[in-house]
Structure formats: C-alpha cells, structure tokens
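Examining the three-dimensional arrangement
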Amino acid sequence: MVTAICPIVLRVHADDNVAAVGNSGGLPAGTVLPDGIILRRNVPQGHKVALRDIGVDEPILRYRAVIGHATRDIARGDWVDGSALRMPAPPSLDDLPHASGKVAALPPLRGHTFEGYRNADGTVGTRNLLAIGTTVQCVAGVVDHAARRIREELLPRYRNVDDVVALDHVYGCGVAIDAPGAEIPIRTLRNILRNPNFGGAPLLVGLGCEKLQPDRLAGTALTDLPLVRLQDESHTGFASMITAILEAADRRLAQLDTRRRETCPVSDLVVGVQCGGSDALSGMTANPAVGVAVDLLVRAGATAMFSEITEVRDGIAQLTARAATPEVADALIREMRWYDAYLERGGVDRSANTTPGNKAGGLANIVEKAMGSIVKSGTAPIAGVVPAGERADRKGLLFVATPASDFVCGTLQLAAGMTLHVFTTGRGTPYGLAAVPVIKVATHNALAERWHDLIDLNAGTIATGEASVEDVGQSLFALMLDVASGRIRSRAEGLRLHNALAVFNPAPVT
Ligand code: CA
C-alpha cells in the first residue's frame, strides 16, 4: 500500500543504520520511504526504522555512535523499538582524548547587543528583581506571605523593579552540614543570591536556631546583606516579622529602582541551556538548533552553559576532545568520576535517567538520549568546567556540572550566574523559573500547536523540512536577545509559571 502521506525520515549521519520517522502520527506499515525501504510495521513519530538488515549482536548506529546491540535479527524496514537493542557499557574514563587541539575557536561575531542592567561587579542582569534569600525552609511560609504583600503594596511604587522573588528551599537544617558534599548546597544558595538579576541587593530572612547560619550562607562573597531573624526577641508575633521584612524590602526596592537598562554587548549575557521531557526528535530538531544558537553566543563572546551529567556521560570522549586545555579535560573527567561514584552509592547507573515518556517518545536508552542531548553544546571548544554550586569565572562555552533533573539543573545554573534559560521539550513541560526568563523550544509541530501559549519557539519545522536547523538556531538567537532585553516576555514568565528551587544535596539528611 502506498500512502498519500509524504514520508519524512530523519537520518542523523550517513553511517547510521537506523533513522527516525518525522511525520506527526507516525507512518503505517507498507509506507515506501524515499530510498525504497518498505515499512514492515507501523512506526510512531520519533521512533526508529532499520535502514538495512541488522544481525543479532550487531551494533545499532545513530548519531554515528553505537546506541546498542541488536537483541535479535532486525530486517530492513522494521521498527527498532526499545526491546530490539541492548545498552552498551559506559565509555571508560581512562585514556580519553585530551584537548586534542583540533577544535579551533569559532570566528568572532560582532554587532549584536542587548539591553541589560549593569551591576557594580561588572555582571549584567536581564531582569531587575528583589530577591529574598532564606537560610532555612522553616521561614518559607512567612517569606511567601511577605513577598505577596510586597508585590501588592510596595512594588507598584517602584516601576523599574520587575518582581520580588522568594528564594525558598528545603535546605538549611536537619542536614549533616559538615558532611562531605554539604558545601554544594551551601555555595549554591550563596551564589544564587549573587545572581546578576538581583542587582547585588538581596535581603535575607533567617530563623535563628538553624544549622545554616547567615554568616555561613553569606561567606565572604556577600556584604551588606540585610537580615531579618524571626526568633529575635524584638519580634512580638507574626505582624512584627512581616513589618520588618517589608521595611527591609522597601529600602532594597528604592535601591533597585534606580537601575536602568543600558545597551550591552552580547558578551555580557550568561545563557544556560537544558532539555526536559525529551523525545527522539529533541536530538534532531530543538537540540541541534540550540547548538547553533550556542555557537552564535560563543562567537559573540557570551557565556553559554550546558549541563546534565547523565546526558553527556556516554559522549564524554567528544567533550574531552573539545576541551580548550588539558586542565579542562581533566576537570570534565573529574566531574564524571564523581557522578559515577554518586550513582553507584545509590545502587544505580546512568540508565536510571530515562523516563517512561522518553521511551514512549522513541528514545530507546540513555545512550541515544545522551547523543541527542549533547548537541545542545554546539561545536565550540569547551572553555571551562563549573563544579556544582560554583559561579562561572570566565566566558565562552562552559560545562556546569549538574544532574539532568530539570529543577536541580536550573537551580545550579542560576548559581553559576545564568541570566537567561533555554529549555527544549518534546513531551512538553510547563517549566519556568522566577529568577530568570525561560525560553521553551518545542521539538515537534504537534506540541507547539497544542501548547501554543506555553511554547516560545517551534523547532518542529526542522522535522517537516519547512526550516533548517540553522534557520531555527538563528531565530532562537534573535529571540534570546529580545527576551534578555525585556522587549519580549517568555511564555512562562508572562504566565508566572515558576518551579521551586531544587538544591542539590548529595550529603545526608539527619
Ligand atoms: Ca533536564
């Protein structure tokens, strides 16, 4: 049977022996593909079809990488579902290519600017926000109440301030605060308070008896941090606490209200990218388009950050080869080793990453997911590695070591100094952050149409051949500058969809 549908088959590399179906709704058995292959079964969108006969135990190649070995004989035109391949062992961390030097710096890109808020420390924000930091979860209810009051009663008087952000989290007490690994949540919270979007003028609310005392949270990096401590004897009742927070907020708002946007080079932007709710099209449409935009950012001198350790672990050789120096390659390997041990302690490995939705979307395993995820990093040399919770100390393409969990990754990229977030999704997630605008990119047309008021950019046009990866990457770059400048609000920002901070704490809870 020859169908009237024009079949779309997405093959990433000429060496690949499988390719994905691009058509919305998939393709029925009997469809004749462009190179004469006849589909032997119905194949859903994003799922793989064998381009040639593959014998049992032979490698299955996608992205020119071995994503698995055949568990049975697979005929040309067969649907290669998750049961048809066995996952390979992770690549060894010994004897990796080390900063081979073959990856040349990309040519500079000049002439692009955005309108940002310049801070005293040289950083530039994309929004002007009052942040209320917290030392411990105990104060969250009071802080949320105060933030509501600030938004309603004070903010209308300060037209240049965009919003107030309560930085609630579950850390601060009931934790082994001196255990190995506890430095990660502590420095994460400290560096989030230093995020450029907060203009160097956050305030802090503590309880009094918590383990994470304000001095320990602030370290030497934060000075002049106004503190409201709820257990102070000066407070009689709830109203007194709220009044104290509102008074401190009022002074900070007056300070923030003097900030004005000014024209800044793109090199002042700090963009974090990640994916979530991925499907097989993520790696062929939205993620490569993000890679194009990341290359443009790096060429313009900006900081572009990619993360998600379990989604790059299987591609580590690509990353160490792209490291700008041997030290960067060593740092990449150190982060992978640390995370391998962390997962082993929990009795799992990187395969624990994939979700039922990923698999239904056509991603057979973490290897295939990783190959499609890593392309978000584009092609530039990797200039540095930022350990979890640390703040980026240089420009260029950086690997920020974070779990792939959307909220944990977003929280750690905020600590690294991110001022704009790009998030790709195929299954669909309404993800958003209060501290930075989140631009969401859909991997296929059906999601972009169904979630027309939640998705900012549709990369599905790449699958249907309406646009090239380069086209969508260029559009994303232009959209980033508009959103960074406040000319456009992202969908999640406009709807005030804010996920909670999720602080990564590898240390024990007591
Ligand atoms: Ca993620």
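Data block above holds the structure.
A short tour of the structure in this document, coming up. Remember, predicted model here, so these are calculated numbers, not experimental data.

So, on to the coordination of the calcium ion. Ideal coordination angles are 109.5 degrees for a metal with four donors arranged tetrahedrally and 90 or 180 degrees for a metal with six donors arranged octahedrally. Gln274 (OE1), Cys275 (O), Glu308 (OE), Ala404 (O) and Asp406 (OD) make up the full set of protein donors to the calcium ion, lying at 2.4 to 2.5 Å. One chain supplies every donor for the calcium ion, spaced along it as Q-C-x32-E-x95-A-x1-D. Taken together, the positions of Glu308 in the loop between β16 (303–306) and α6 (316–322) and Ala404 in the loop between β18 (396–400) and α10 (406–415) put the pair 96 residues apart, joining distant regions of the chain. Taken as a pair, Glu308 and Ala404 share a single burial class, namely buried.

With that settled, the discussion passes to the environment of Ala147. Position of Ala147 among the secondary structure elements: in helix α1 (residues 140–154). You can call Ala147 buried: its relative accessible area is 4%. Note: C-alpha distance between Ala147 and Ala131 (16 residues apart in sequence) is 9.5 Å. Here Ala147 is in contact with Val164 and Ala166, once residues within four sequence places are set aside.

Within the structure shown, the criterion is met by zero disulfides. Cys173 provides the cysteine sulfur closest to Cys138, a residue in no disulfide bond, and the two sulfurs are 6.1 Å apart.

This part covers the packing of aromatic side chains. Counting across every chain of the model gives eight aromatic pairs. Pairing Phe423 with Tyr431 gives two aromatic rings, centres 4.4 Å apart and planes at 20°, and the pair type is stacked. Each member of the pair Phe423 and Tyr431 is classed as buried. Within the aromatic cluster, the residues linked to one another by ring pairs are Trp338, Tyr339, Tyr342 and Phe504.

Before going further, it helps to spend a moment on the pairing of strand β2 (residues 18–21). For strand β1 (residues 9–10) and β2, the ladder comprises two bridges, and the chain directions are antiparallel. Bridge pairing in β2 links Leu10 to Ala20. The pairing of β2 with strand β3 (residues 48–50) spans three bridges and is antiparallel. Considered in β3, the bridge of Val18 is made with Ala50.

We now examine helix α13 (residues 469–484). Helix length check: α13, at 16 residues, gives a terminal C-alpha distance of 22 Å against a target of 22 Å (1.5 Å per residue), a fit within 8%. Of all the positions in α13, only Val472, Gly473, Leu476, Phe477, Leu479, Met480, Leu481, Val483 and Ala484 are classed as buried. Immediately downstream of α13, the backbone of Gly486 shows phi near 80°, a positive value.

We now examine the sheet that holds strand β13 (residues 227–229). Within the open sheet, the four strands sit side by side as β11-β10-β12-β13. Their pairing is parallel. At either end of the open sheet lies a strand with only one pairing partner, and these are β11 (163–167) and β13. Within this sheet the neighbouring strands show an average axis-to-axis angle of 20°, counted without direction. Relative to β11, strand β10 (residues 129–134) runs parallel, the two being bridged by five bridges. Note that in β11 the partner of Ala131 across the bridge is Val165. Contacting β10, β11 and β12 (203–206), α1 runs over the sheet at an angle of about 180° to β11.

Turning next to the pattern of salt bridges. Summed over the entire model, instances satisfying the criterion amount to 25 salt bridges. Across the pair Asp268 and Arg118 runs a salt bridge, and its minimum N-O distance is 2.8 Å. Of this pair, Asp268 sits in the loop between β14 (262–265) and β15 (270–275) while Arg118 sits in strand β8 (residues 113–118); the two residues are 150 residues apart in sequence, bridging distant segments of the chain. Given the relative accessible area of 36%, Arg118 is considered partly exposed. We note a salt bridge from Asp482 to Arg487, for which the minimum N-O separation is 2.8 Å. Accessibility expressed as a relative area gives 24% for Asp482, which makes it partly exposed. Within this structure, Arg118, Glu262, Asp268 and Lys395 form a network of salt bridges that share partners.

Cut-offs applied
Residues numbered from 1 in each chain as written. Predicted model: local features only at pLDDT ≥ 70, side-chain atom pairs only at ≥ 80, totals over all residues. Heavy atoms only, no water. Donors = N, O, S within 2.8 Å, 3.2 Å for Na, K, Ca; no water. Helix = DSSP H or I, 4+ residues; strand = E, 2+ residues; numbered from the N terminus. Buried < 20%, exposed > 50% of the residue type's maximum accessible area, 1.4 Å probe, protein only. Contact = heavy atoms within 4.5 Å. Disulfide = S-S within 2.5 Å. Phe/Tyr/Trp six-rings, centres within 6.5 Å; stacked < 30°, edge-to-face > 60°. Pairing = 2+ DSSP bridges. Expected span 1.5 Å × (residues − 1). Axes fitted to C-alpha atoms, helices over the stretch in contact; angles between N-to-C directions. Salt bridge = Lys/Arg side-chain N within 4 Å of Asp/Glu carboxyl O.

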